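Results of the structural survey
Here is what each chain is made of, one letter per residue.
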Amino acid sequence: MTPIFTVPVSLAERSYEITIRAGLLERLGRELKQQAVKGKVAVVTDRRVARHYLRNVSETIKRHGVQPVPIILDPGERSKTLKTVAFVLDVLARHRFERSSMILALGGGVVGDIAGFSASIYQRGIPYIQVPTTLVAQVDSSVGGKTGVDHRLGKNLIGSFYQPRAVWIDPLVLRTLPRREWVAGLAEVIKYGIIADETFFSYLQQHMPDLLKQVPKVVATVVKRSCEIKAEVVSTDERESDRRRILNYGHTIGHALEALGGYQSMVHGEAVGIGLVQEADLACFQGLCSREVVVDIRRIVKDARLSDRMPRWTPSKVWKAMLHDKKVSGGRVIGVWPSRIGEVCIGPLEKHVFNRWYAASRPI
Ligand SMILES: NC(=O)c1ccc[n+]([C@@H]2O[C@H](COP(=O)([O-])OP(=O)(O)OC[C@H]3O[C@@H](n4cnc5c(N)ncnc54)[C@H](O)[C@@H]3O)[C@@H](O)[C@H]2O)c1
Ligand SMILES: [Zn+2]
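Predicted model, so just to flag it, every value in this text is computed and none were measured.

**Concerning the site of ligand 1**
As a matter of local geometry, ligand 1 sits amid 28 residues, with Arg48, Gly108, Gly109, Thr134 and Ser141 nearest to it. Among the elements of the structure, helix H2 (47-63), helix H4 (109-121) and helix H5 (135-141) are those that each provide at least two residues to the shell around ligand 1. Taken together, the residues that form the shell around ligand 1 break down as 8 nonpolar, 12 polar and 8 charged.

Put into structure tokens, the structure is as follows:
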């Protein structure tokens, strides 16, 4: 038996709980009833997730006297648009959803972001519950209340902060996740160890083979600790001023690589994996951490079967893409730099330093 974990996310009157429980999906109807949900619930999902789980989820909901209204989206990032949100809102309106109705987001980060954003604007906000089904969604996107969609001119350009009523995580659903998506999620998990918890980082070093085999107890422990770290950071900084920035470690270079590849060549976590290593190397180059830190990060990223190598872009292309990231302020790149495993600092990166590092680390 894997244990049941609960993680509180403390945000005054917007506080909620994350529950991690193997087999939770089969109990979804009962859990909804405990939330006093009556009438209808919209189940926003994508076609791939629906194929695996929608029938069982709908049945457990019905068994507890609630009517599920499935809203099935095309899978993938290309669905994360205002057009899809309009479609979701349309279904909610046609089914006469009210302020007291509920939305369930059953899927990965794409479904969670669309469902959360739709919930935040339909009738000025109706409650929603995240039921994340990818590793990325379970350890990252479902926690923290950032919702939104992409715009032609930028990823996640349109959105809102809107906290869910609860997050329900069933680690067993990760068994059907494609291998590539699983491994990509490990980059975010490793990130938590680097930014906040050396003991967790050591646990990951020791248990990486079991994690790759998806040993249930190890998966549940890793998801729980990741959620705790994200919840702690979000609780102290809900709207992303300083503290929340640390979650962006590995993402300055990661986002740039994703954008340069046109969001086609790599999935997000693969780009972040490279970012974790390269940003540590850049920190070491600036004298902010020792070489051992870089070595440890590179080793764990490779042990997770992620790439640690920069693709062959020119430095000016990478710099331009980093400047384009929306987390950049006033034309300056603000980086997150490890000082040791478990601790990071925040500081600006000058273009000439970046160029020197780039030339030193890979002669072009
Ligand atoms: N809101 C936030 O704070 C936040 C944080 C991180 C990422 N995100 C967003 O999350 C998105 C990425 O999320 P993702 O990596 O979960 O991608 P995703 O939602 O596209 O899911 C990846 C693929 O896995 C499939 N899938 C999902 N669960 C499955 C399961 N259990 N079994 C089989 N297949 C399954 C999906 O159909 C999809 O094809 C991006 O849009 C990113 O911007 C948001
Ligand atoms: Zn990320």
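**Some details on helix H10 (residues 268-285)**
The end-to-end C-alpha separation of H10 is 25 Å, in line with the 26 Å expected for 18 residues at 1.5 Å each. Extensive coverage of H10 is indicated by the burial of 17 of its 18 residues. Positive backbone phi, at 80°, marks Gly287, one or two positions downstream of H10.

**A look at the packing of helix H3 (residues 82-94) against H4**
Contact geometry of H3 with H4 gives a least axis separation of 10 Å together with a crossing angle of 55°. When the interaxial angle is binned, H3 and H4 end up oblique. Once H3 is placed against H4, the crossing between them reads as right-handed. Across from Thr84, Val85, Val88 and Leu89 in H3, the residues of H4 making contact are Ile114, Phe117 and Ser118. Residues that form the contact of H3 with H4 fall into these classes: 5 nonpolar, 2 polar and no charged.

**Quick look at the pairing of strand E9 (residues 166-169)**
Sheet faces and side chains relate simply in a regular strand, where the side chains alternate between the two faces. For strand E2 (residues 16-20) and E9, the ladder comprises 4 bridges, and the chain directions are parallel. In the strand pairing of E9, Thr19 is matched with Trp168.

**Here we look at the domain arrangement of the chain**
Partitioning the chain into structural domains gives domain 1 (5-174) and domain 2 (179-361). In this structure, domain 1 and domain 2 have C-alpha centres spaced 27 Å apart. Across the contact, 23 residues belong to domain 1 and 25 residues belong to domain 2. When residues of the side of domain 1 that touches domain 2 are traced back to their parent elements, those giving at least two are strand E1 (5-9), E2, H5 and strand E8 (154-161). The greatest single-element share of the side of domain 1 that touches domain 2, amounting to 5 residues, is contributed by H5.

**Observations concerning the sheet that holds strand E3 (residues 40-46)**
In spatial order, the strands read E1-E2-E9-E6-E5-E3-E4; together these 7 strands make up an open sheet with mixed pairing. With one partner strand each, in any of the chains shown, E1 and strand E4 (67-73) form the two edges of the open sheet. Ignoring strand direction, the axes of neighbouring strands in this sheet form an average angle of 20°. H3 contacts E3 and E4 of the sheet and is inclined by roughly 160° relative to E4.

**Some details on the pairing of strand E11 (residues 343-349)**
Where strand E10 (residues 333-340) meets E11, 7 bridges bridge the pair, whose relative direction is antiparallel. Residue Pro338 lies in a different strand from E11, and its bridge partner there is Val344. What sits between E10 and E11 in their antiparallel hairpin is a turn of 2 residues, with Gly342 showing a positive phi close to 100°.

**Considerations on the packing of H10 against helix H11 (residues 291-303)**
With their axes 9 Å apart at the nearest point, H10 and H11 run at an angle of 170° to one another. When the axes of H10 and H11 are compared, the pair comes out roughly antiparallel. Contacts between H10 and H11 involve Gly273, Leu276, Val277, Ala280, Asp281 and Cys284 from the first element and Arg291, Val293, Val294, Ile297, Arg298 and Val301 from the second.

Definitions and limits used
- Residues numbered from 1 in each chain as written.
- Chains lettered and ligands numbered in written order.
- Predicted model: local features only at pLDDT ≥ 70, side-chain atom pairs only at ≥ 80, totals over all residues.
- Near = placed C-beta within 6 Å.
- Helix = DSSP H or I, 4+ residues; strand = E, 2+ residues; numbered from the N terminus.
- Nonpolar A, V, L, I, M, F, W, Y, C, P; charged D, E, K, R; others polar.
- Expected span 1.5 Å × (residues − 1).
- Buried ≥ 20, exposed ≤ 12 C-beta atoms within 10 Å, placed from the backbone.
- Axes fitted to C-alpha atoms, helices over the stretch in contact; angles between N-to-C directions.
- Parallel < 35°, antiparallel > 145°, perpendicular 65-115°, else oblique.
- Left-handed = near helix turned anticlockwise from the far one by under 90°.
- Contact = placed C-beta atoms within 7 Å.
- Pairing = 2+ DSSP bridges.
- Domains from an automatic or database assignment.

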